[in-house]
Amino acid sequence: MPAFTFSHVARAVLAGMVARRTVVVVLALLAAVAQGATPAFAGKRLALIVGIADYDKKSGLQDLKSPRHDAAALKDVLEKLPERFEVTVATDTDIRSKADFDRVLATFVSSIQPGDEVLFYFSGHGNTTTGKGNLFLLPDARSEASFIKNLSNDEARELDSVEKKAKRYHDWLSDVAIVEADVEKAIAARKPKVIVIIADACRIIVKGTKGASIEVSGVRLPQHTARGTYRLYSASAGQYSLDSSEPISTTASAVAGAASKSRSSRRSRRSNDEDEEDDDEDDKAARKGSKEPTNSLFTKILVNELAVPGLEFSIMAAKVRVAVKSHADKLARIQIPDFSFDPESGEYYFVSPGASSGLSEVCRGADLELERLRQAIAAGSIGRQQILDKQYELARCGPRVADQIEILLAMEAQGASALTTGEGAAVRFDPNDPAQACEANASSPFDPNRSRLFNGDILRKTSLATISGELDRTRALDALNAIRGACENALQARPKVARYSFLTGRVYQTLATVSKGLEKQAALAAASAYFQQATDLGYPAAFNELALLYKQGEYYRVQNGRAERRPVDRSKAAELFERGAGLNHVVALYNLGMAYKTGDLGIAVTDQNNLDSAERRHALAFRYLSQAAERGFVPALIQSALLLHDGKGVPANPVRAIELLEIAASRGSFEAMYWIGEIYRRGAVRVRDPQRAIVWHARAAESGDARSQETLAEMLTEGTGLPAPQREAAGRYWRLAADAGRPNAQIKLADLLRQSVIPFRPVVDGAPDGGALEIRTLYVSAFVRGNPRAGLELARLFRTGFPKDRPAKAIPKDPSIAVRLLWETIEKVRQADPASVAADPKSAALAAFELMDIHKEASSGGAPQHLITEDQIRQLRSDYGDGTVQHWIRASALGEVNCGKLDISASSWVLVWNWQRKEPPTDQQLDWIERRFDCKGEVEKLARESNRKVPKDDDIGFTRKLRNRIATQQRDALKDFEKNGAKAKSFVDRMIALATTGSTSNRRR
């Protein structure tokens, strides 16, 4: 048969092979698409940034720490982009009322010209009303309780019901607050090409002036988003944004609080002038700590991702959502950012794909990574998050790569990541019988009504073979068109059989994955119509597929004789998933469970206080995932097991979790093997078993899982679960993980090559280089993937050249390259996800000390003097102190460390040096270690397992006692310096003495 084209569809229409409804869809679609071209961007980029932190003291609204800093951070990033924004910033120092804001907005809007790109950002309190939609609150706003309290007696008496009070309050609030819809309307009237609206406005409101009951205010995504408009909100319905990326009791406040609590006991024992002076110092430190600049969790992550080259808006927003949710989880909070856009708006980038110097390194192995993903999908051995992780990494590598990953994500949601048996029909069928041909070739292994005579998934196999290049596209289209013809003929003969509508829709759905442009859109239009017919007839398997079209913005509807591509409609998708789940369709059960778990459909799960309930969300996720797991669906087996192990939404049962994972592993899933290894390695105490961990990670590693390859290499290197380290064996797995693009593996392999623990790959052409080329390649690859330590280590090599005695061409002695890498290292630490390996503050401090050393060399003639200015050195010394003397100390030797049953003593090394700040230089390092190992989560998990009360935050991680001990050394060192100058005993000397006295033991609770 001929290839699938518009002309072929037209001929099929005339021949009566396609349902009339589909005809209208396809014909109208092509007319609409032809008018949809958009001109190239030639305008300005403008941004209005509003940050409101200071609210009226009697308003009942809680003051916020971060909005002013959020505004400053976003301004800084937008103005430094390669295609920079012209930024207008307004904070509560500029606008105190709606009139003030209206003047700022009018001035800003007047500068917009047709074709411009415009961004509006708000950080502060927000609310939602039925009439006006989202409201952003200004300093003169009030909470509802405060507003009602300040009404006159006559007005208050008229409000004799909760509903009347709420309506009166929201009517007033709509007049004094910023109305998002009004801002969008004013901007849109100037005909910009793009409008981006970002709101970090879901904060806690303190309701009333006493009692301080919590009320969550916030913003909600509108039902539809206009073409050219992109929205990103910091939290979903019923959630609130964290005002800081730090734990609820931050380091400064924890230390100050501890000092305050111990003050009365000190006074009872001593009452001299020195004690009173100490108290004053404590108060000053606490006040200083409370004024330290801070960004909200959302905005801290946003500004980092927004500056990454080549991230299309939807990918960038999804990355922000995953990072914020993950970090909030570790703070025992739930915050899931929400975003929307009209798919017809096209792609939008804050930084265009060609603006990254390191992009070629990231994309060098893109084809190999895509092949791994395709093989894993074909084997049913990969989870959704792994595909998303690769999408975030590789989506910048061009539309071909991005499109393929999108297809793989869609296939996973259709059930492709679950194992199936066989490759095709189990019995012979009559190729001249359209019904048999359609059944044999188009049926889904996850359709409960599928005939037992057939197995495999021909459509999935054809799609994967085509996008991989294994199957020629023309041949694929011919094969698919033959199946399409059989299914349409079967449907024509039996128009009321819903099954044939569903199967025909599946064929068109597959045609869309191997087609482009108008062909793809025509195929999606046909799929929409056929799936709609099948759901109208109540066919269970069709609900999941139709829901996916709504979720992805690929559903077409016929209206007034025209086919219209409908905007993303997550509420409709959720409804369809629920209907499919109600009919026990296994993939719909899985997708609905995942939607509750990840929040990607924006389904509100609130408790009696209208707060998003993490417990209820997880319970609903487990309810649906476990039902899918009972039917043997591999991805659901894995997700149910993880919830069981963590005790989220269901009582913790790590033994049962392992049983479910072993079922999935027995079907070949290396995703399940990886998680079994992780549970045995770092899971619940009663199942922890390093020897079993190494066995399961070895199985997953040999099956191709890069995470297990890295973990196995680490365990072999350290000898974990083994009688002794096996570094030679580890080398193979370090290389496999490094080749798969794992940054930590790349750094570790480069380190081992430098130490001659593992032999380097010899240079094919040219003189031997001592491994310089391979080492540089590994460090560069890890660095451009976001790991700062790689930049630090590479900079150190360029300072001296490598090998040091005879530098190779790959790494010559070049201080200018070293300086550039060191500045980039500091910036990458600042940009990193707070809980990630890349956020280790030691990397930034060490890079700063290297820069100071290079400046010192320049002063003595050892390096070019122009590399670092005096102003830069002064700033480095202000930010990082004096790094002339450094010392490593195991923090767990200074006092109790409480990270549940997780032993983090081996990772609790901190770097100490001298600086003149009130807080010790170890504070940020301790915070990072606690976040990295999720000490709060580990302690809560242990408390649940042992039915004990969760300790106070000050007793989690590096405890209050340990932190106070370090803070005392810093305070005494500063006092001693003020009295004795250079003769004073430094902080470093005091810490060394404290760590070597043996007065404390390395204890864990």
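Residues numbered from 1 in each chain as written. Predicted model: local features only at pLDDT ≥ 70, side-chain atom pairs only at ≥ 80, totals over all residues. Heavy atoms only, no water.

**A short note on the nonpolar core**
Piece 1. One finds L78, F313 and F350 to be the most contacted residues of the largest nonpolar core, which totals 211 residues.
Piece 2. Discounting chain neighbours no more than four positions away, the residues touching F350 are R45, L81, E83, F85, L119, V196, L306, F313 and M316.
Piece 3. The next biggest cluster of nonpolar side chains, apart from the first, holds 44 residues, and it includes L105, F147, L159 and L173. (Core = buried A, V, L, I, M, F, W, Y, C linked by side-chain atoms within 4.5 Å. Buried < 20%, exposed > 50% of the residue type's maximum accessible area, 1.4 Å probe, protein only. Contact = heavy atoms within 4.5 Å.)

**Quick notes on unusual backbone geometry**
Piece 1. The step from F802 to P803 runs through a cis peptide bond, and the omega angle for that step is -10°.
Piece 2. Here P803 shows up in the loop between α34 (788-800) and α35 (815-831).
Piece 3. Even without glycine at this site, K191 takes up a positive phi of about 60°.
Piece 4. On the secondary structure map, K191 appears in the loop between α8 (180-188) and β7 (194-200).
Piece 5. With phi around 50°, D934 is a residue other than glycine that occupies positive phi space.
Piece 6. Looking at the element boundaries, D934 is found in the loop between α38 (923-932) and α39 (935-946).
Piece 7. We classify D934 as partly exposed; its relative accessible area is 21%. (Helix = DSSP H or I, 4+ residues; strand = E, 2+ residues; numbered from the N terminus.)

**Comments concerning helix α16 (residues 399-413)**
Piece 1. Compared with an ideal rise of 1.5 Å per residue, which puts 15 residues at 21 Å, α16 spans 21 Å between its outermost C-alpha atoms and is within 8% of the ideal.
Piece 2. What α16 keeps buried is the set V401, A402, Q404, I405, I407, L408, L409, A410, M411, E412 and A413.
Piece 3. Of the surrounding elements, those touching the buried residues of α16 are α14 (366-379), α15 (384-394), α18 (458-468), α20 (498-514), α22 (540-552) and α24 (586-598).
Piece 4. A positive phi of about 110° marks G415, the residue just after α16. (Expected span 1.5 Å × (residues − 1).)

**So, the state of the cysteines**
Between two cysteines, a covalent bond joining their sulfur atoms is known as a disulfide.
Piece 1. One pass over the structure, following the stated rule, counts three disulfides.
Piece 2. Across the disulfide, C438 is cross-linked to C487 (sulfur-sulfur distance 2.1 Å). Because the sign of the S-S torsion sets the handedness, a value of about 95° for the bond joining C438 and C487 places this disulfide among the right-handed ones. Of this pair, C438 sits in helix α17 (residues 434-442) while C487 sits in helix α19 (residues 473-493); the two residues are 49 residues apart in sequence, bridging distant segments of the chain.
Piece 3. The disulfide partner of C899 is C935, and the S-S distance across this bridge is 2.3 Å. Where C899 bonds to C935 through sulfur, the torsion about that S-S bond is close to -100°, and the disulfide is left-handed. (Disulfide = S-S within 2.5 Å.)

**Re the sheet that holds strand β6 (residues 178-179)**
Piece 1. Taken together, three strands build an open sheet; the order of strands is β4-β5-β6 and the sheet is antiparallel. One side of each edge strand has no neighbouring strand; the edge strands of this open sheet are β4 (126-129) and β6.
Piece 2. With four bridges connecting them, β4 and strand β5 (residues 133-136) associate as antiparallel partners. Looking across to β5, one finds that T128 is bridged to N134. (Pairing = 2+ DSSP bridges.)

**Regarding the pairing of strand β10 (residues 229-233)**
Piece 1. With respect to burial, β10 is a largely interior element, five of its five residues being buried.
Piece 2. Of the two faces of β10, the one holding T229, R231 and Y233 and the one holding Y230 and L232 are both buried throughout.
Piece 3. Note that β7 and β10 share five bridges and pair parallel. If you follow A199 over to β10, its bridge partner there is Y233.
Piece 4. Judged from the four bridges that link them, β10 and strand β11 (residues 338-341) form a sheet pairing that is antiparallel. Counterpart to Y230 in the pairing with β11 is F341.

**Re the sheet that holds β11**
Each strand in a sheet pairs with another by means of backbone hydrogen bonds, the pair being arranged parallel or else antiparallel.
Piece 1. Read across the open sheet, the six strands follow the order β2-β1-β3-β7-β10-β11; overall the sheet is mixed. Of all strands in the sheet, those with a lone pairing partner are β2 (86-91) and β11, marking the two edges. Strand after strand, the sheet turns through a mean of 10° between neighbouring axes, direction not considered.
Piece 2. Each of β1 (45-51), β2, β3 (117-123) and β7 touches helix α3 (residues 67-80); the most contacted strand, β1, lies at about 165° to it.
Piece 3. Of the strands in this sheet, β7, β10 and β11 touch helix α12 (residues 313-330), which is tilted by about 170° from β11. (Axes fitted to C-alpha atoms, helices over the stretch in contact; angles between N-to-C directions.)

**Overview of the packing of helix α21 (residues 517-536) against α22**
Piece 1. Running from N to C, α21 and α22 point in directions that differ by 140°, and their axes come no closer than 9 Å. Considering the angle they form, α21 stands oblique to α22. When you trace α21 past α22, the crossing you get is left-handed. Where α21 abuts α22, its residues L524, A527, S528, F531, Q532, A534 and T535 lie against A542, F543, E545, L546, L549 and Y550.
Piece 2. The residue inventory of the contact of α21 with α22, partitioned by class, reads nine nonpolar, three polar and one charged. (Parallel < 35°, antiparallel > 145°, perpendicular 65-115°, else oblique. Left-handed = near helix turned anticlockwise from the far one by under 90°. Nonpolar A, V, L, I, M, F, W, Y, C, P; charged D, E, K, R; others polar.)

**Some words on the packing of aromatic side chains**
Piece 1. Under the defined criterion, the tally for this structure stands at 21 aromatic pairs.
Piece 2. When the centroid spacing of 6.3 Å and the interplanar angle of 80° are considered together, the rings of F313 and F341 count as edge-to-face. Taken as a pair, F313 in helix α12 and F341 in strand β11 lie far apart in primary sequence, 28 residues in all. Comparing F313 with F341, the two get one shared label, buried.
Piece 3. Plain terms: the ring middles of F849 and W913 are 5.2 Å apart, the flat faces sit at 80° to each other, and that makes the pair edge-to-face. In this pair, F849 sits in helix α36 (residues 841-859) while W913 sits in strand β16 (residues 909-914), placing the two residues 64 residues apart along the sequence. The residues F849 and W913 share a single accessibility class, namely buried.
Piece 4. Among the aromatic side chains, those forming a connected cluster through ring pairs are F85, Y230, F313, F339, F341, Y348 and F350.
Piece 5. One cation-aromatic arrangement involves R699 over W696; the distance from NZ or CZ to the ring centre is 4.3 Å.
Piece 6. Directly above the ring of F783 sits K828, whose terminal nitrogen or CZ lies 5.0 Å from the centroid. (Phe/Tyr/Trp six-rings, centres within 6.5 Å; stacked < 30°, edge-to-face > 60°. Lys NZ or Arg CZ within 6 Å of the ring centre and 35° of its normal.)

**A look at the pattern of salt bridges**
A side chain with one charge can pair with a side chain of the opposite charge if their charged atoms come near.
Piece 1. In this structure the tally under the stated criterion is 54 salt bridges.
Piece 2. As a salt-bridge pair, D100 and R103 come within 2.5 Å of each other at their nearest N and O atoms. Pair noted here: D100 and R103 are both in helix α4 (residues 98-110), with a separation of three residues, about one helical turn.
Piece 3. Judged by relative accessible area, which is 17%, D100 ranks as buried.
Piece 4. By relative accessible area, which is 53% here, R103 ends up exposed. (Salt bridge = Lys/Arg side-chain N within 4 Å of Asp/Glu carboxyl O.)

**So, the pairing of β3**
Piece 1. Among the seven residues of β3, seven are classified as buried, and the element is accordingly described as predominantly covered.
Piece 2. Burial along β3 is two-sided: the face carrying E117, L119, Y121 and S123 and the face carrying V118, F120 and F122 are both buried.
Piece 3. Bridge count for β1 against β3 is seven bridges, and the pairing is parallel. Counterpart to G51 in the pairing with β3 is S123.
Piece 4. As defined by bridge partners, β3 adjoins β7 across seven bridges and the pair is classed as parallel. Looking at β7, one finds that F120 is bridged to I197.

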